[in-house]
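Summary of the model geometry
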Amino acid sequence: MIRWIAALLFACSLTAQMWGQEQPGQATGGQTPAIQKAPAALSTVQTPAVPGSAAQVAAAPPATTGDPLEQFKNFSAVMVGTVLPRDEREGHIYRSGNVLRMEGMENRGYFITDLTTFDTYGLSSMGCASMKEPYLRSFPFMLSGHSHKVERVGAGKDTVDGHVCQVEEVTYSGGIPQPWKLKFWEAEDLHGFPIKVQAQAASNGTSSIIQFKDVVLGPQDPTLFIFPKDCAELPEPGEKEPTTAPKQPATPPAQH
């Protein structure tokens, strides 16, 4: 149990370092996860290997407006990589409204993040823990839906894993500790779902690549987003876990 909680704290702390300590206010009217008994195990799906590289094929389209991630609130996919540079690990991801379910690293348990509050619940066979930080795999979807400023510029067409894509350069800023410059490859046969994302932090210029495969758009099984009511709450990043001083034995009464 201690190792599981430590692993959850480490994963969430990585996100906190990347995101910064500021958090968005709670949104109203968003879907919240159900509070019931968690499913026993994470669903698994056989997935093919990621095919080869993409090739540019056309000129840039005109710029568009709005948040390109906001239209994808119900889907499942296999996520390859994270916002961490050179991370190529795979994990299943599911979205239902404003709630994400994400497979843990090395397929150990799963995490549920509420994108309106950033509350995260980590579950495994060892137990459940919660923390007020988004889980690592919630990027880039954790950027959307918080009234940030979004700038979009068309960058042509590309073909990725057999999908013809519109390419956009998208910048998120305002209300977040640092701007993020992203490049989306939006698959035309998936209604513009970004099957490839290149992310770059404006503060330090670090870059990472995230890809999505086996994308299925549409409502998800609601039982995937259930978690126990009594999850142990972990301390905020930088805080120490509370310790309890050992009890001193009672002083025996004086002998007369």
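Treat the numbers as computed from the prediction; the structure is a model and nothing was measured.

Tallying secondary structure elements over the protein chain gives 1 helix and 13 strands in all. Of the regular secondary structure in the protein chain, the N- to C-terminal order runs α-β-β-β-β-β-β-β-β-β-β-β-β-β. Residues counted as buried form 48% of the 256 residues belonging to the protein chain. Within the protein chain, contacts between residues at least 6 apart in sequence are counted, and of these 62% link residues at least 24 apart. By element, 53% of the accessible surface of the protein chain is carried by carbon and sulfur atoms, the whole surface being about 13400 Å².

What follows deals with the environment of Thr 206. The topology assignment puts Thr 206 in the loop between β11 (193-201) and β12 (207-217). You can call Thr 206 partly exposed: its relative accessible area is 37%. Each residue touching Thr 206, except ones within four places of it in the same chain, is listed here: Pro 85, Ala 199, Gln 200 and Ala 201.

Time to look at the environment of His 92. Position of His 92 relative to the elements: it lies in strand β3 (residues 90-96). A sequence separation of 15 residues divides His 92 from Asn 107, and the C-alpha atoms of the two residues are 9.0 Å apart.

With the rule as written, the count across this model stands at 7 salt bridges. Notably, a salt bridge pairs Glu 90 with Lys 213, separated by 3.0 Å at the nearest N-O pair. Taken together, the positions of Glu 90 in strand β3 and Lys 213 in strand β12 put the pair 123 residues apart, joining distant regions of the chain. Exposure remark for Lys 213: the relative accessible area of 10% places this residue in the buried category.

This part covers the nonpolar core. Counting 40 residues, the largest nonpolar core has Phe 139, Trp 180, Leu 182, Phe 193 and Phe 212 as its most contacted members. Setting aside residues up to four positions removed in sequence, Phe 193 forms contacts with Phe 72, Phe 75, Phe 141, Trp 185, Glu 186, Ala 187, Phe 212, Val 215 and Leu 217. Counting 11 residues, the second largest nonpolar core, distinct from the first, contains Val 99, Tyr 121, Leu 123 and Phe 225.

This brings us to the packing of aromatic side chains. A complete count under the given rule lists 9 aromatic pairs for this structure. Judged by centre distance (3.9 Å) and plane angle (15°), the rings of Tyr 121 and Phe 227 are stacked. Taken together, the residues Tyr 121 in strand β6 (residues 120-124) and Phe 227 in the loop between β12 and β13 (232-233) connect sequence positions 106 residues apart. You'll find Tyr 121 and Phe 227 in the same group, each marked buried. Plain terms: the ring middles of Phe 193 and Phe 212 are 5.6 Å apart, the flat faces sit at 85° to each other, and that makes the pair edge-to-face. With Phe 193 in strand β11 and Phe 212 in strand β12, this residue pair connects regions lying 19 residues apart in the sequence. The class of Phe 193 is buried, set by a relative accessible area of 0%. Taking relative accessible area as the criterion, Phe 212 reaches 3% and is therefore assigned buried. One aromatic cluster is present, formed by Phe 72, Phe 75, Phe 141, Phe 193 and Phe 212 through successive ring pairs. Above the face of the Tyr 110 ring, Arg 101 is positioned so that its terminal group lies 3.7 Å from the ring centre. Above the plane of the ring of Trp 185 lies Lys 196, whose end atom (NZ or CZ) is 4.5 Å from the centre.

Here is what the cut-offs are and how they apply
Residues numbered from 1 in each chain as written. Predicted model: local features only at pLDDT ≥ 70, side-chain atom pairs only at ≥ 80, totals over all residues. Heavy atoms only, no water. Helix = DSSP H or I, 4+ residues; strand = E, 2+ residues; numbered from the N terminus. Buried < 20%, exposed > 50% of the residue type's maximum accessible area, 1.4 Å probe, protein only. Contact = heavy atoms within 4.5 Å. Areas by Shrake-Rupley, 256 points an atom, 1.4 Å probe, with all protein chains shown as cover. Salt bridge = Lys/Arg side-chain N within 4 Å of Asp/Glu carboxyl O. Core = buried A, V, L, I, M, F, W, Y, C linked by side-chain atoms within 4.5 Å. Phe/Tyr/Trp six-rings, centres within 6.5 Å; stacked < 30°, edge-to-face > 60°. Lys NZ or Arg CZ within 6 Å of the ring centre and 35° of its normal.

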